[in-house]
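One-letter residues, chain by chain:
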Amino acid sequence: MRCHLLLPLLALAACQPAAPAPEVVVWAWERPEDLRFLPKDAEIAVQTGFIDLAGDNFLARGRRFPLRADRPPTTAVVHIQIDDSMPLRWTPALRARVSAAVLHFARIVPAPRVQIDFEVRQSQRQVLIDVLHDVRAGLPRTVLLSMTAIASWCQEDWLGALPVDEIVPMLFRMGRGGAALRARIEGGGDFAEPACRKALAVSSDAPIARAPPGRRIYMFAPQSWTPSTFDAVRKRVEQWR
């Protein structure tokens, strides 16, 4: 379509090509999931491993529940957590064992992307940083490394130096300061850290009115996915274009 230079601004806007639909990724979390209903352009991120750090040891296990899908997952997710009831003793030996376990679960699914889901307190950040460096060093360069992030981390200045290809700020369960950050995002603002501007995560039970367009969207649901739940979340995120 050719636009005349003297047309009103509104008409000029109408000549702009529509922004492409956002890439959407459905998280298959720790429960049975049947995702065969997904449209062809929706990706799947599956939790393949769970690691619980406590004291000078850890518990590691693989996925417990079946995933039914008509396509292979594009992201293998390893969830890590720290049991605060037993003070963590993060030694070089423990670091090496934990990193090896993360890499083991990351390779269970031959996906082109690995995602680390690891929420830590400020005093525990070095543990997360160590794991990310070790996992990056252990993965082929052709495999992308992603990490989830508490949204408030994206207002600080320590994420930009991490060896990851993608940071996914979670716009749900945001904790202290979450209301103000949520209002900033819904008001047209963005994250202070540029590394946080490639992707974001939303939940079906915590809808957000608006978020920056052009992001890769990870979609979470607190219960097993259904076609209606997926359609409702996708319809909402497509309105951000």
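Residues numbered from 1 in each chain as written. Predicted model: local features only at pLDDT ≥ 70, side-chain atom pairs only at ≥ 80, totals over all residues. Heavy atoms only, no water.

- The chain appears in an unreviewed UniProt entry as DUF3142 domain-containing protein from Sphingomonas changnyeongensis.

1. Things to note about the state of the cysteines
Okay, so step 1: According to the stated counting rule, one finds 1 disulfide in the structure shown.
Okay, so step 2: Across a sulfur-sulfur distance of 2.1 Å, Cys154 and Cys196 are joined as a disulfide pair. Sign of the S-S torsion, about -80° for the bond between Cys154 and Cys196, identifies this disulfide as left-handed. Of this pair, Cys154 sits in the loop between β8 (144–150) and β9 (166–170) while Cys196 sits in the loop between α4 (178–186) and β10 (199–203), and the two are 42 residues apart along the sequence. Of the two residues examined, Cys154 and Cys196, each falls in the buried class. (Disulfide = S-S within 2.5 Å. Helix = DSSP H or I, 4+ residues; strand = E, 2+ residues; numbered from the N terminus. Buried < 20%, exposed > 50% of the residue type's maximum accessible area, 1.4 Å probe, protein only.)

2. Considering the packing of helix α2 (residues 92–106) against helix α3 (residues 125–138)
For any two helices packed against each other, the geometry comes down to the angle between their axes and how far apart the axes lie.
Okay, so step 1: Two numbers describe how α2 lies on α3: the axes approach to 9 Å, and their chain directions differ by 55°. If you check the angle between α2 and α3, you find them oblique. The way α2 lies across α3 gives a crossing that is right-handed. When α2 is examined against α3, the residues Arg95, Val98, Ser99, Val102 and Leu103 are found in contact with a partner set consisting of Asp130, Val131, Asp134, Val135 and Gly138.
Okay, so step 2: Here the contact of α2 with α3 is built from residues that sort into 5 nonpolar, 2 polar and 3 charged. (Axes fitted to C-alpha atoms, helices over the stretch in contact; angles between N-to-C directions. Parallel < 35°, antiparallel > 145°, perpendicular 65-115°, else oblique. Left-handed = near helix turned anticlockwise from the far one by under 90°. Contact = heavy atoms within 4.5 Å. Nonpolar A, V, L, I, M, F, W, Y, C, P; charged D, E, K, R; others polar.)

3. Description of the packing of aromatic side chains
Okay, so step 1: Applying the stated criterion across every chain yields a total of 7 aromatic pairs.
Okay, so step 2: Look at Trp29 and Phe220: their rings are 6.4 Å apart centre to centre, the planes differ by 85°, and that puts the pair in the edge-to-face class. Placement of Trp29 in the loop between β1 (24–28) and β2 (33–34) and of Phe220 in strand β11 (residues 216–220) is noted, with a sequence separation of 191 residues between them. Both residues of the pair, Trp29 and Phe220, count as buried.
Okay, so step 3: Ring geometry for Phe37 versus Phe230: centroids 6.2 Å apart, planes at 65°, classification edge-to-face. In this pair, Phe37 is assigned in the loop between β2 and β3 (43–54) and Phe230 in helix α5 (residues 227–238), connecting sequence segments 193 residues apart.
Okay, so step 4: When the ring centre of Phe220 is taken as origin, the NZ or CZ atom of Arg31, which lies over that ring, is 5.9 Å away. (Phe/Tyr/Trp six-rings, centres within 6.5 Å; stacked < 30°, edge-to-face > 60°. Lys NZ or Arg CZ within 6 Å of the ring centre and 35° of its normal.)

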